Amino acid sequence: MPGGARLQEEVRRFIADVQRDHTYSGVNTYLGNTVMKTLLPLLERATSEQVAPPDDQTVRMMEMFHAHLRRRVQGRLVDYFERPPLLGRDVPDTVFALSQGVSDCMRWRGIPLFKTVYDLALYPRLLSDLRPRTIFESGSANGGGALWLADQLTALELDCHIHTYDLVKPDVSHPRVSFMQGDSHKIQKVFTPDLLRAAPHPWLFIEDAHVNVDGILTYLHEYLRPGDYVIVEDPESGRVSGEASLVEDQLGRFLWHHREAYRVDTFYTDFFGYNASCAMDAIFKRV
(Lines give C-alpha, C1' and ligand atoms only; values in the text may rest on other atoms or scores of the structure.)
Protein backbone atom coordinates (compact mmCIF):
# COMPACT_ATOMS: atom_id res chain seq x y z
CA MET A 1 0.00 0.00 0.00
CA PRO A 2 1.52 3.39 -0.94
CA GLY A 3 2.64 5.63 1.89
CA GLY A 4 -0.22 8.12 1.45
CA ALA A 5 -2.82 5.37 1.31
CA ARG A 6 -1.34 3.72 4.39
CA LEU A 7 -1.51 7.01 6.28
CA GLN A 8 -5.14 7.54 5.29
CA GLU A 9 -5.97 4.02 6.43
CA GLU A 10 -4.21 4.72 9.73
CA VAL A 11 -6.28 7.90 10.15
CA ARG A 12 -9.46 5.85 9.82
CA ARG A 13 -8.18 3.24 12.27
CA PHE A 14 -7.11 5.91 14.76
CA ILE A 15 -10.54 7.57 14.72
CA ALA A 16 -12.22 4.17 15.11
CA ASP A 17 -9.91 3.38 18.06
CA VAL A 18 -10.78 6.70 19.71
CA GLN A 19 -14.49 6.14 19.20
CA ARG A 20 -14.14 2.68 20.76
CA ASP A 21 -11.69 3.32 23.59
CA HIS A 22 -12.23 6.96 24.56
CA THR A 23 -15.99 7.21 24.89
CA TYR A 24 -17.79 5.67 27.86
CA SER A 25 -21.56 5.97 28.36
CA GLY A 26 -21.58 9.02 26.12
CA VAL A 27 -18.70 10.72 27.97
CA ASN A 28 -15.44 11.36 26.09
CA THR A 29 -11.93 11.42 27.48
CA TYR A 30 -9.92 14.60 26.83
CA LEU A 31 -8.45 12.92 23.76
CA GLY A 32 -11.89 11.81 22.66
CA ASN A 33 -13.21 15.36 22.87
CA THR A 34 -10.25 16.74 20.93
CA VAL A 35 -10.43 14.16 18.15
CA MET A 36 -14.21 14.11 17.77
CA LYS A 37 -14.77 17.86 18.08
CA THR A 38 -11.66 19.18 16.32
CA LEU A 39 -9.82 16.60 14.22
CA LEU A 40 -12.79 14.74 12.76
CA PRO A 41 -14.76 17.85 11.66
CA LEU A 42 -11.62 19.22 9.99
CA LEU A 43 -11.13 15.97 8.10
CA GLU A 44 -14.77 15.87 7.07
CA ARG A 45 -14.59 19.44 5.71
CA ALA A 46 -11.15 18.99 4.13
CA THR A 47 -12.54 18.76 0.58
CA SER A 48 -14.81 21.78 0.96
CA GLU A 49 -13.79 25.06 -0.58
CA GLN A 50 -15.56 26.85 2.29
CA VAL A 51 -13.12 25.74 5.00
CA ALA A 52 -11.82 28.70 6.98
CA PRO A 53 -8.06 28.72 7.74
CA PRO A 54 -7.47 27.02 11.13
CA ASP A 55 -6.10 29.05 14.00
CA ASP A 56 -2.56 28.49 15.35
CA GLN A 57 -3.68 26.18 18.16
CA THR A 58 -5.56 23.95 15.72
CA VAL A 59 -2.54 23.88 13.40
CA ARG A 60 -0.31 22.71 16.25
CA MET A 61 -2.87 20.11 17.21
CA MET A 62 -3.09 18.83 13.65
CA GLU A 63 0.71 18.66 13.40
CA MET A 64 0.83 16.60 16.61
CA PHE A 65 -1.83 14.18 15.37
CA HIS A 66 -0.13 13.91 11.99
CA ALA A 67 3.18 12.96 13.63
CA HIS A 68 1.38 10.43 15.83
CA LEU A 69 -0.38 8.87 12.85
CA ARG A 70 2.84 8.57 10.85
CA ARG A 71 4.39 6.70 13.77
CA ARG A 72 1.39 4.37 13.94
CA VAL A 73 2.11 3.31 10.37
CA GLN A 74 5.35 1.74 11.69
CA GLY A 75 3.34 -0.61 13.91
CA ARG A 76 3.55 -1.23 17.63
CA LEU A 77 6.93 -3.00 17.90
CA VAL A 78 9.66 -0.92 16.30
CA ASP A 79 13.39 -1.37 15.74
CA TYR A 80 15.24 0.97 18.13
CA PHE A 81 17.29 2.34 15.24
CA GLU A 82 14.15 3.16 13.23
CA ARG A 83 12.65 5.42 15.86
CA PRO A 84 12.71 9.07 14.71
CA PRO A 85 16.03 10.33 16.10
CA LEU A 86 16.55 13.31 18.35
CA LEU A 87 12.87 14.18 18.66
CA GLY A 88 12.82 14.17 22.43
CA ARG A 89 9.31 14.06 23.88
CA ASP A 90 5.89 15.40 22.98
CA VAL A 91 5.75 16.65 26.56
CA PRO A 92 7.70 19.94 26.81
CA ASP A 93 10.83 19.83 28.96
CA THR A 94 9.36 22.52 31.22
CA VAL A 95 6.36 20.27 31.94
CA PHE A 96 8.36 17.05 32.23
CA ALA A 97 10.64 18.71 34.79
CA LEU A 98 7.62 19.02 37.09
CA SER A 99 6.44 15.42 36.63
CA GLN A 100 8.08 14.01 39.79
CA GLY A 101 6.55 16.69 41.97
CA VAL A 102 7.06 20.36 42.77
CA SER A 103 5.68 20.83 46.27
CA ASP A 104 7.61 17.68 47.20
CA CYS A 105 9.05 14.63 45.50
CA MET A 106 6.41 11.94 44.96
CA ARG A 107 6.48 9.56 47.92
CA TRP A 108 5.30 6.03 48.66
CA ARG A 109 5.02 4.84 52.26
CA GLY A 110 6.76 8.08 53.14
CA ILE A 111 9.81 7.27 50.98
CA PRO A 112 10.77 9.46 48.00
CA LEU A 113 9.65 7.78 44.79
CA PHE A 114 11.65 8.87 41.78
CA LYS A 115 8.97 8.13 39.21
CA THR A 116 7.24 10.58 36.90
CA VAL A 117 3.46 10.83 36.90
CA TYR A 118 3.56 9.23 33.46
CA ASP A 119 5.52 6.22 34.67
CA LEU A 120 3.32 5.89 37.75
CA ALA A 121 0.52 5.18 35.28
CA LEU A 122 2.53 3.17 32.74
CA TYR A 123 4.04 0.60 35.10
CA PRO A 124 0.71 -0.69 36.47
CA ARG A 125 -0.61 -1.00 32.90
CA LEU A 126 2.49 -2.94 31.85
CA LEU A 127 2.29 -5.16 34.93
CA SER A 128 -1.37 -5.88 34.23
CA ASP A 129 -0.64 -6.73 30.59
CA LEU A 130 2.60 -8.68 31.08
CA ARG A 131 1.70 -10.39 34.37
CA PRO A 132 5.39 -10.93 35.21
CA ARG A 133 6.50 -13.74 37.48
CA THR A 134 9.86 -12.11 38.25
CA ILE A 135 11.09 -8.51 38.34
CA PHE A 136 14.80 -7.70 38.43
CA GLU A 137 15.98 -4.17 39.16
CA SER A 138 19.42 -2.59 39.19
CA GLY A 139 19.58 0.49 41.38
CA SER A 140 17.34 0.18 44.45
CA ALA A 141 18.30 3.64 45.76
CA ASN A 142 16.23 4.10 48.96
CA GLY A 143 13.91 1.21 48.05
CA GLY A 144 10.83 3.33 47.37
CA GLY A 145 10.45 2.15 43.78
CA ALA A 146 10.60 -1.54 44.67
CA LEU A 147 8.12 -1.08 47.52
CA TRP A 148 5.73 0.69 45.17
CA LEU A 149 6.07 -2.02 42.53
CA ALA A 150 5.49 -4.70 45.16
CA ASP A 151 2.28 -3.04 46.30
CA GLN A 152 1.12 -2.81 42.66
CA LEU A 153 1.72 -6.56 42.33
CA THR A 154 -0.41 -7.15 45.41
CA ALA A 155 -3.21 -4.93 44.10
CA LEU A 156 -3.14 -6.80 40.78
CA GLU A 157 -3.01 -10.18 42.58
CA LEU A 158 0.10 -11.23 40.65
CA ASP A 159 2.34 -14.08 41.72
CA CYS A 160 5.64 -12.27 41.26
CA HIS A 161 8.83 -11.58 43.23
CA ILE A 162 11.22 -8.64 42.94
CA HIS A 163 15.01 -8.88 43.17
CA THR A 164 16.77 -5.53 43.50
CA TYR A 165 20.21 -4.30 44.53
CA ASP A 166 22.36 -1.25 45.09
CA LEU A 167 25.80 -0.52 46.48
CA VAL A 168 24.13 0.23 49.80
CA LYS A 169 21.23 -2.05 50.68
CA PRO A 170 18.20 0.09 51.64
CA ASP A 171 16.89 -0.26 55.17
CA VAL A 172 13.38 -1.36 54.14
CA SER A 173 11.63 -4.68 53.68
CA HIS A 174 8.67 -6.24 51.93
CA PRO A 175 7.65 -9.90 51.62
CA ARG A 176 7.59 -9.62 47.82
CA VAL A 177 11.06 -8.06 47.56
CA SER A 178 14.60 -9.36 48.01
CA PHE A 179 16.74 -6.30 48.71
CA MET A 180 20.43 -7.00 48.13
CA GLN A 181 23.78 -5.27 48.33
CA GLY A 182 25.57 -5.51 45.01
CA ASP A 183 27.79 -3.92 42.38
CA SER A 184 26.72 -3.49 38.76
CA HIS A 185 30.30 -4.23 37.70
CA LYS A 186 29.93 -7.65 39.31
CA ILE A 187 26.40 -8.41 38.16
CA GLN A 188 27.00 -12.18 37.97
CA LYS A 189 27.55 -12.18 41.74
CA VAL A 190 24.24 -10.39 42.37
CA PHE A 191 21.95 -12.00 39.84
CA THR A 192 23.72 -15.33 39.88
CA PRO A 193 23.27 -17.93 37.13
CA ASP A 194 21.44 -20.18 39.59
CA LEU A 195 19.02 -17.37 40.49
CA LEU A 196 18.37 -16.52 36.86
CA ARG A 197 17.86 -20.14 35.81
CA ALA A 198 15.36 -20.67 38.62
CA ALA A 199 13.40 -17.42 38.22
CA PRO A 200 10.04 -18.02 36.48
CA HIS A 201 9.14 -16.06 33.36
CA PRO A 202 7.86 -13.64 32.10
CA TRP A 203 10.48 -11.27 33.43
CA LEU A 204 10.59 -7.51 33.72
CA PHE A 205 14.12 -6.12 34.06
CA ILE A 206 14.48 -2.46 35.07
CA GLU A 207 17.88 -0.82 34.63
CA ASP A 208 18.01 2.22 36.92
CA ALA A 209 21.60 2.25 38.17
CA HIS A 210 23.17 3.71 35.02
CA VAL A 211 26.33 1.71 35.63
CA ASN A 212 27.84 -0.90 33.26
CA VAL A 213 24.64 -0.80 31.20
CA ASP A 214 26.07 -2.69 28.22
CA GLY A 215 27.64 -5.32 30.49
CA ILE A 216 24.47 -5.94 32.49
CA LEU A 217 22.26 -6.22 29.41
CA THR A 218 24.75 -8.51 27.69
CA TYR A 219 24.87 -10.77 30.73
CA LEU A 220 21.09 -10.95 31.11
CA HIS A 221 20.51 -11.43 27.37
CA GLU A 222 21.47 -15.09 27.62
CA TYR A 223 18.66 -15.65 30.13
CA LEU A 224 15.91 -13.44 28.73
CA ARG A 225 13.21 -15.20 26.73
CA PRO A 226 10.83 -13.96 24.03
CA GLY A 227 7.99 -12.09 25.72
CA ASP A 228 10.15 -10.70 28.55
CA TYR A 229 10.47 -6.92 28.91
CA VAL A 230 13.47 -4.66 29.55
CA ILE A 231 13.16 -1.03 30.65
CA VAL A 232 16.16 1.32 30.73
CA GLU A 233 15.18 4.37 32.72
CA ASP A 234 16.72 7.77 31.98
CA PRO A 235 18.78 6.69 28.93
CA GLU A 236 19.46 10.36 28.15
CA SER A 237 20.88 10.96 31.67
CA GLY A 238 24.46 11.45 30.49
CA ARG A 239 27.61 9.54 31.26
CA VAL A 240 27.52 6.10 32.81
CA SER A 241 28.59 6.44 36.43
CA GLY A 242 32.37 6.08 36.67
CA GLU A 243 32.78 5.59 32.91
CA ALA A 244 33.51 7.74 29.87
CA SER A 245 30.61 6.62 27.66
CA LEU A 246 27.00 7.81 27.70
CA VAL A 247 24.12 5.63 28.90
CA GLU A 248 22.42 5.89 25.50
CA ASP A 249 25.67 4.96 23.74
CA GLN A 250 26.03 1.80 25.82
CA LEU A 251 22.38 0.98 25.23
CA GLY A 252 22.79 1.54 21.50
CA ARG A 253 25.91 -0.65 21.37
CA PHE A 254 24.10 -3.52 23.08
CA LEU A 255 21.08 -3.20 20.79
CA TRP A 256 23.27 -3.02 17.67
CA HIS A 257 24.77 -6.40 18.58
CA HIS A 258 21.31 -7.87 19.35
CA ARG A 259 19.25 -5.88 16.88
CA GLU A 260 16.87 -8.68 15.91
CA ALA A 261 16.13 -9.66 19.52
CA TYR A 262 14.53 -6.48 20.91
CA ARG A 263 11.85 -4.08 19.79
CA VAL A 264 10.68 -0.80 21.31
CA ASP A 265 7.09 -1.30 22.46
CA THR A 266 5.60 2.01 21.39
CA PHE A 267 2.28 1.20 23.04
CA TYR A 268 3.99 2.12 26.31
CA THR A 269 6.69 4.62 25.27
CA ASP A 270 4.11 6.72 23.40
CA PHE A 271 1.04 6.03 25.56
CA PHE A 272 0.83 9.69 26.64
CA GLY A 273 2.49 11.05 23.49
CA TYR A 274 5.88 10.47 21.93
CA ASN A 275 8.32 9.31 24.62
CA ALA A 276 6.25 10.67 27.52
CA SER A 277 8.14 8.49 29.97
CA CYS A 278 11.46 8.40 31.79
CA ALA A 279 12.39 5.54 29.43
CA MET A 280 12.79 7.38 26.12
CA ASP A 281 12.76 4.78 23.31
CA ALA A 282 13.70 2.29 26.00
CA ILE A 283 10.78 0.00 26.85
CA PHE A 284 11.74 -3.18 25.02
CA LYS A 285 10.08 -6.48 24.30
CA ARG A 286 12.32 -9.50 23.80
CA VAL A 287 11.19 -11.07 20.53
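Remember, predicted model here, so these are calculated numbers, not experimental data.

## Regarding helix 3 (residues 56-73)
Part 1: Its 18 residues place the ends of helix 3 26 Å apart at the C-alpha level, agreeing with the 26 Å of an ideal helix rising 1.5 Å per residue.
Part 2: For helix 3, the full list of buried residues reads Thr 58, Met 61, Phe 65, Leu 69 and Arg 71. The buried residues of helix 3 occupy one face: seen down the axis, they fall within an arc of 160 degrees. With respect to the buried face of helix 3, the exposed residues turned more than 90 degrees away are Asp 56, Arg 60, Glu 63 and Arg 70.

## Thoughts on the packing of helix 9 (residues 213-221) against helix 10 (residues 247-257)
Part 1: Running from N to C, helix 9 and helix 10 point in directions that differ by 30 degrees, and their axes come no closer than 8 Å. In terms of axis orientation, helix 9 runs roughly parallel to helix 10. By crossing handedness, the relation of helix 9 to helix 10 is classed as right-handed. Between helix 9 and helix 10, the contacting residues are Val 213, Asp 214, Leu 217, Thr 218 and His 221 on the first element and Val 247, Gln 250, Leu 251, Arg 253 and Phe 254 on the second.
Part 2: When the residues that make up the contact of helix 9 with helix 10 are grouped by side-chain class, the tally is five nonpolar, three polar and two charged.

## What to know about helix 5 (residues 117-130)
Part 1: With 14 residues, helix 5 should cover 20 Å at 1.5 Å per step; its first-to-last C-alpha distance of 20 Å lies within 8% of that length.
Part 2: Where helix 5 is concerned, the buried positions are Tyr 118, Asp 119, Leu 120, Leu 122, Tyr 123, Pro 124, Leu 126, Leu 127 and Leu 130.
Part 3: Elements in contact with the buried residues of helix 5: helix 4 (93-96), strand 6 (134-138), helix 6 (144-155), strand 9 (203-207), strand 10 (229-232) and helix 11 (266-269).
Part 4: Just past helix 5, the residue Arg 131 takes up positive phi, approximately 55 degrees.

## Examining the pattern of salt bridges
A side chain of one charge can pair with a side chain of the opposite charge when the charged atoms of the two come close.
Part 1: Under the defined criterion, the tally for this structure stands at 18 salt bridges.
Part 2: Of the charged contacts in the structure, one is a salt bridge between Arg 71 and Asp 90, with a shortest N-O distance of 3.5 Å. In this pair, Arg 71 is assigned in helix 3 and Asp 90 in the loop between strand 3 (77-78) and helix 4, connecting sequence segments 19 residues apart.
Part 3: For Arg 133, the salt bridge goes to Asp 159, with nearest N and O atoms at 3.2 Å. A residue pair is termed long-range when its members are at least 10 positions apart, and Arg 133 in the loop between helix 5 and strand 6 and Asp 159 in the loop between helix 6 and strand 7 (161-166) qualify at 26 residues.

## Overview of the environment of Ile 111
Part 1: Mapped onto the secondary structure, Ile 111 falls in strand 5 (residues 111-112).
Part 2: By relative accessible area, which is 15% here, Ile 111 ends up buried.
Part 3: Note: C-alpha distance between Ile 111 and Tyr 24 (87 residues apart in sequence) is 36 Å.
Part 4: Ignoring anything within four residues of it in the chain, the contact list for Ile 111 reads Met 106, Asn 142, Gly 144, Leu 147 and Val 172.

## Some remarks on unusual backbone geometry
Part 1: The linkage connecting His 201 with the following residue, Pro 202, adopts the cis geometry, with an omega of 5 degrees.
Part 2: Relative to the assigned elements, Pro 202 resides in the loop between helix 8 (193-198) and strand 9.
Part 3: We note that Arg 109 has phi near 55 degrees; this positive angle belongs to a residue other than glycine.
Part 4: Along the polypeptide, Arg 109 turns up in the loop between strand 4 (107-108) and strand 5.
Part 5: Classification of Arg 109 as exposed rests on a relative accessible area of 53%.
Part 6: In the Ramachandran plot, Arg 131 falls in the positive-phi region, its phi being about 55 degrees despite a non-glycine side chain.

## Section: the sheet that holds strand 6
Part 1: Reading across from one edge, 3-11-12-10-9-6-7-8 is the order of the eight strands in this open sheet, with mixed pairing throughout. Of all strands in the sheet, those with a lone pairing partner are strand 3 and strand 8 (177-181), marking the two edges.
Part 2: Looking at chain direction, strand 6 and strand 9 are connected through five bridges and run parallel. By the bridge assignment for strand 9, Ile 135 is matched with Leu 204.

Calculation notes
Within each chain, residues carry numbers counting from 1 in the order of the written sequence. Local features in this predicted model are restricted to residues of pLDDT 70 or higher, and side-chain atom pairs are both shown and tallied only at a pLDDT of 80 or more, whereas totals for entire chains, interfaces and linings draw on every residue. No hydrogens and no water enter the side-chain calculation; it runs on all heavy atoms of the structure. Each helix is a run of DSSP H or I of at least 4 residues and each strand a run of E of at least 2, with the numbering of both proceeding from the N terminus. By definition here, a helix of n residues has an expected span of 1.5 Å times n minus one. To sort residues, take the accessible area from a 1.4 Å probe on protein chains only and compare it with the maximum for the residue type: under 20% means buried, over 50% means exposed, and anything in between is partly exposed. When we speak of the arc, we mean the arc of directions from the helix axis to the C-beta atoms. Lines are fitted to the C-alpha atoms to define the axes, a helix being fitted only along its stretch in contact, and any angle between axes, read from their N-to-C directions, falls within 0 to 180 degrees. By the definition adopted for this analysis, an angle is roughly parallel if under 35 degrees, roughly antiparallel if over 145, roughly perpendicular if from 65 to 115, and oblique otherwise. Handedness of each helix crossing follows the sense of rotation of the near helix against the far helix: counterclockwise by less than a right angle gives left-handed, clockwise gives right-handed. We call two residues in contact when some of their heavy atoms are within 4.5 Å. Polarity classes work like this: nonpolar for Ala, Val, Leu, Ile, Met, Phe, Trp, Tyr, Cys and Pro, charged for Asp, Glu, Lys and Arg, and polar for all others, with Gly in that last group. Between Lys or Arg on one side and Asp or Glu on the other, a salt bridge is scored when a side-chain nitrogen of the former is within 4 Å of a carboxyl oxygen of the latter. For two strands to be treated as a pair, DSSP must find at least two bridges joining them.

Remember, this is a structural readout, not a statement about activity or role.
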